[in-house]
Amino acid sequence: MPLGFASAILAALVMIMKFEPTLLTDPASFGTGLLTSNPGTGPLYLLTQKIFDLMTEYVLISVPLFIFMAALLERSGIAKQMYDSLDFWLSRARGGVAIVTSIMAVLMAAMSGIIGGEVVLLGLIALPQMLRLGYNQNLAIGTICASGSLGTMIPPSIVLIIYGLITETSIKALFTGAFIPGFMLASFIMIYIIVRTQLDPSQAPLPEPREGDPEGGEKLLMFGGFVSVVATGIMAVLIAWTAFLTVMGRNDPSVEGFEAPLVGMTSDLPWLIGIAVIALAFIFLVAGRQRTASGWEHGKGLVPPLLVIGIVLGSIYGGVTGITEAAGMGAVAVFLIAVFRGEASVDLLWVSMMRTLRSTGTIIWVTIGAATLAGAYTLAGGPTYIAQLIIGADMPSMLVILTMMVILLFMGAFMDWVGIVLLIIPVFLPIVKRLPIDEIGFIGTLSPQHVAVWFGVLFCMNMQVSFLSPPFGPAAFYLKSVAPAHISLTDIFRGFLPFIGVQLVALAVLLIWPTIVTLLL
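Throughout what follows, the structure given in this document is the object of discussion. (Residues numbered from 1 in each chain as written. Predicted model: local features only at pLDDT ≥ 70, side-chain atom pairs only at ≥ 80, totals over all residues. Heavy atoms only, no water.)

1. Quick notes on the overall build of the protein chain
Here comes step 1: A tally of helices and strands in the protein chain yields 23 helices and 0 strands.
Here comes step 2: A compact globule built from 521 residues should have a C-alpha radius of gyration of about 24 Å, and the protein chain, at 25 Å, falls within 12% of that.
Here comes step 3: On the principal axes, the C-alpha backbone points of the protein chain span a range of 85 × 65 × 55 Å.
Here comes step 4: Within the protein chain, buried positions represent 51% of all 521 residues.
Here comes step 5: On the protein chain, roughly 22800 Å² of surface is accessible, and the fraction owed to carbon and sulfur atoms is 69%.
Here comes step 6: The averaged location of the 28 negative side-chain charges in the protein chain is 7 Å from the averaged location of its 22 positive side-chain charges. (Helix = DSSP H or I, 4+ residues; strand = E, 2+ residues; numbered from the N terminus. Rg over C-alpha atoms; globule rule 2.2 N^0.38 Å. Buried < 20%, exposed > 50% of the residue type's maximum accessible area, 1.4 Å probe, protein only. Areas by Shrake-Rupley, 256 points an atom, 1.4 Å probe, with all protein chains shown as cover. Lys, Arg positive; Asp, Glu negative; His and termini not counted. Charge placed at Lys NZ, Arg CZ, Asp CG, Glu CD.)

Structure (structure tokens):
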């Protein structure tokens, strides 16, 4: 909140110096200048109208809903049971607990799109486990913070929502464009963990076998049985959804204004039924009922997270609801799961709502302050000046974009992402849109209508780095709040460094191959 007020005060000074500097030298002249003489008109009116328009955007309601969902997940036992299920399947692999942590972070990111809560939760659940098993401290710290920050990239990311609001870019398109890069970054983190632990096994000692644990092919068959049960359930839901669309006439291409759903056309039925039949055949003919039942018992902790992800992302991409409604449905789903598990209580709701109120209040005040400063900066002609300065430098297009990336990386180390998206993106995006489209990237050519989406995903990847960047990387302070006393901030930042390199590799992929963002668009 202090950042929001500081931004607003700075905005007031910019407006006064540009439009009514006499207020600084002669405060008694208030009411006689361009800024104050005609309330409801002039630059001050334009500024307040900009803030009002931003604060009344309907999709902004999704922010507290996603935060509330994350708070419920953090304080219920859903996340712990998910971790236990993943740990059962992967803990006997080299570096398995670190990989489990990364997969859990991906699932949590796909549920709520919140960053801080993920790092704290992983620090509480995964860090003690990895340290107890003798994992290298730097590996454990870096895995938790790098994976816990994936909520920046993986839909439904709040960073993408705010970027879409500010730049008037389709949030659904941003979510779709970020899907592959987000999971690409997650896979890079897991590959790094695997390579590092294979090259130096002492970094991740194998845990002692637990009594009664299945081995080799037995565990594989159990896992196959569990996956087959989940696949059968998903196919049954999708078949029922297709039948509903058919009865209601909502998948008829002849209807005016028809937009094909991701899944739900009658042409989808053969492969939906085929997958269901294959899954059932595996259960009864290969795995067997007993193995499948045992696999379900150990894997059922993954079902609630997958259900929430299906509700949130499925309702968006299935054309059922918009972003805001999907966030509301996800929050209700998490609460109902907590009720079903017997974990719902007045205290759970109260603590979750208080955290939501504090987090949302911080975001809103920072947004108001940064929007005020950005508006004042725009009215003062700042973006035009910077744009002319960059374009006038006559640099190659990729050098312009690389310069922007360096600026964003530097500012991300010292400034909150909300302030950056409100202050810098309105300056940078128009410049990027004016660059020759065939000079952006080295592999493939972007379509002009996808430039804003690509730059939004690029910005989010950049902010992913900022969450780990010293000296003010937020992830370090989130983890420090729950880490053992012997782990210092210096230790945490030291553990980050290799993972920052992994993030920079992912950023380079987006710069070299920009059309990766458009593969699903």
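After that view, the rundown keeps rolling.
2. Some points on helix H4 (residues 62-75)
Here comes step 1: Between the first and last C-alpha of H4 there are 20 Å, a value that for 14 residues agrees with the 20 Å anticipated at 1.5 Å per step.
Here comes step 2: The element H4 is largely enclosed, with a buried count of 11 among its 14 residues.
Here comes step 3: Taken together, the buried positions of H4 are occupied by Ser-62, Val-63, Phe-66, Ile-67, Phe-68, Met-69, Ala-70, Ala-71, Leu-72, Leu-73 and Glu-74. (Expected span 1.5 Å × (residues − 1).)

3. Notes on the environment of Leu-349
Here comes step 1: By secondary structure assignment, the location of Leu-349 is in helix H16 (residues 346-379).
Here comes step 2: Note on Leu-349: relative accessible area 26%, which makes it partly exposed.
Here comes step 3: Residues Leu-349 and Phe-467, spaced 118 residues apart in sequence, show a C-alpha to C-alpha distance of 29 Å.
Here comes step 4: Every residue in contact with Leu-349, bar those within four places of it in the chain, is listed here: Phe-68 and Phe-335. (Contact = heavy atoms within 4.5 Å.)

4. A look at helix H18 (residues 397-412)
Here comes step 1: In this model, H18 (16 residues) spans 22 Å end to end at C-alpha, consistent with the 22 Å of a helix rising 1.5 Å per residue.
Here comes step 2: Within H18, the full set of buried residues consists of Ser-397, Met-398, Val-400, Ile-401, Met-404, Met-405, Leu-408, Met-411 and Gly-412. All buried residues of H18 lie within an arc of 155° about the axis, which places them on one face of the element. Across from the buried face of H18, at angles greater than 90 degrees, the exposed residues are Val-406 and Phe-410. (Arc of directions from axis to C-beta.)

5. Things to note about the nonpolar core
One broad trend across soluble globular proteins is that nonpolar side chains are buried collectively.
Here comes step 1: Counting 151 residues, the largest nonpolar core has Met-104, Trp-454, Phe-455, Phe-459 and Phe-496 as its most contacted members.
Here comes step 2: Those residues within four positions of Trp-454 in sequence are excluded, and the remaining contacts are Ile-401, Val-432, Ile-440, Leu-446, Leu-510, Leu-511, Pro-514 and Val-517. (Core = buried A, V, L, I, M, F, W, Y, C linked by side-chain atoms within 4.5 Å.)

6. Describing the packing of aromatic side chains
Here comes step 1: The tally for this structure, following the rule as stated, stands at 11 aromatic pairs.
Here comes step 2: A centroid spacing of 4.9 Å and a plane angle of 80° characterise the contact between Phe-88 and Trp-89, whose relative ring orientation is edge-to-face. In this structure, Phe-88 and Trp-89 share a single accessibility class: buried.
Here comes step 3: Their ring planes at 25° and their centres at 5.7 Å tell us that Trp-241 and Phe-244 sit as a pair that is stacked. Note that Trp-241 and Phe-244 are positioned in helix H11 (residues 216-248) at a spacing of 3 residues, about one turn of the helix.
Here comes step 4: Taking relative accessible area as the criterion, Phe-244 reaches 38% and is therefore assigned partly exposed.
Here comes step 5: Grouping aromatic residues by their ring pairs yields a cluster made of Phe-88, Trp-89, Phe-223, Phe-226 and Trp-296.
Here comes step 6: Of note, Lys-219 hangs over the ring of Phe-88, and the distance from its end group to the ring centre comes to 5.0 Å. (Phe/Tyr/Trp six-rings, centres within 6.5 Å; stacked < 30°, edge-to-face > 60°. Lys NZ or Arg CZ within 6 Å of the ring centre and 35° of its normal.)

7. Details of a nonpolar patch on the surface
Here comes step 1: Together, Phe-179, Phe-183, Phe-442, Ile-443, Ile-512, Trp-513, Leu-519 and Leu-520 make up a nonpolar patch on the protein surface, roughly 750 Å² of accessible area in all.
Here comes step 2: Mapped onto the elements, Phe-179 comes out in helix H10 (residues 171-199).
Here comes step 3: Accessibility expressed as a relative area gives 31% for Phe-179, which makes it partly exposed. (Patch = residues over 30% accessible without salt bridge, like charges linked within 9 Å, V, L, I, M, F, W, Y side chains within 5 Å. Salt bridge = Lys/Arg side-chain N within 4 Å of Asp/Glu carboxyl O.)

8. Concerning the packing of H4 against H16
Here comes step 1: Their axes nearest at 8 Å, the elements H4 and H16 cross at an angle of 140°. Viewed along their axes, H4 and H16 adopt a mutual orientation that is oblique. Pair H4 / H16 crosses with right-handed handedness. Of H16, the residues touching H4 (which contributes Val-63, Pro-64, Ile-67, Phe-68, Ala-70, Ala-71, Leu-72, Glu-74 and Arg-75) are Leu-348, Leu-349, Val-351, Ser-352, Met-353, Arg-355, Thr-356, Ser-359, Thr-360 and Ile-363.
Here comes step 2: A breakdown of the residues in the contact of H4 with H16 according to their chemical character gives 12 nonpolar, 4 polar and 3 charged. (Axes fitted to C-alpha atoms, helices over the stretch in contact; angles between N-to-C directions. Parallel < 35°, antiparallel > 145°, perpendicular 65-115°, else oblique. Left-handed = near helix turned anticlockwise from the far one by under 90°. Nonpolar A, V, L, I, M, F, W, Y, C, P; charged D, E, K, R; others polar.)

9. Overview of the packing of helix H6 (residues 96-112) against helix H8 (residues 137-148)
Here comes step 1: Taken N-terminus to C-terminus, the directions of H6 and H8 make an angle of 15°; their axes are 9 Å apart at the nearest point. In this view, H6 runs roughly parallel relative to H8, as classed from their interaxial angle. With respect to the hand of their crossing, H6 and H8 are arranged in right-handed fashion. In this structure, H6 contributes Ala-98, Thr-101, Ser-102 and Ala-105 to the contact, and H8 contributes Thr-143, Ile-144, Ser-147 and Gly-148.

10. Overview of the pattern of salt bridges
Pairs may arise between side chains of opposite charge once their charged atoms sit close together.
Here comes step 1: With the rule as written, the count across this model stands at 5 salt bridges.
Here comes step 2: Taking the shortest distance from any N to any O, the salt bridge between Asp-84 and Lys-80 comes out at 2.9 Å. You can see Asp-84 and its partner Lys-80 sitting in helix H5 (residues 78-90), 4 residues apart, about one turn around the helix.
Here comes step 3: Take Asp-84: its relative accessible area is 38%, and that puts it in the partly exposed class.
Here comes step 4: The shortest N-O distance in the salt bridge between Asp-491 and Arg-494 comes to 2.9 Å. One end of the pair, Asp-491, and the other, Arg-494, are both in helix H23 (residues 489-512), 3 residues apart, so they sit about a helical turn from each other.
Here comes step 5: Taking relative accessible area as the criterion, Arg-494 reaches 43% and is therefore assigned partly exposed.

11. Observations regarding the side chain of Thr-143
Here comes step 1: Relative to the helices and strands, Thr-143 resides in helix H8.
Here comes step 2: Only 2.7 Å separates the side chain of Thr-143 from the backbone oxygen of Leu-139, close enough to count as a polar contact.
Here comes step 3: Those residues within four positions of Thr-143 in sequence are excluded, and the remaining contacts are Ala-98, Thr-101, Ser-102, Gly-148, Ile-193 and Phe-499. (Polar contact = N/O pair within 3.5 Å; in protein donor to acceptor, adjacent residues only side chain to side chain.)

12. Observations concerning unusual backbone geometry
Here comes step 1: Here the amide bond leading from Pro-155 into Pro-156 is cis, since omega sits at 5°, within 30 degrees of zero.
Here comes step 2: Mapped onto the elements of the fold, Pro-156 is located in the loop between H8 and helix H9 (158-167).

13. A word on the state of the cysteines
Here comes step 1: Summed over the entire model, instances satisfying the criterion amount to 0 disulfides.
Here comes step 2: In this model Cys-145 remains outside any disulfide bridge; the closest cysteine sulfur is found in Cys-460, 19 Å from its own.
Here comes step 3: With relative accessibility at 0%, the residue Cys-145 sits in the buried group. (Disulfide = S-S within 2.5 Å.)

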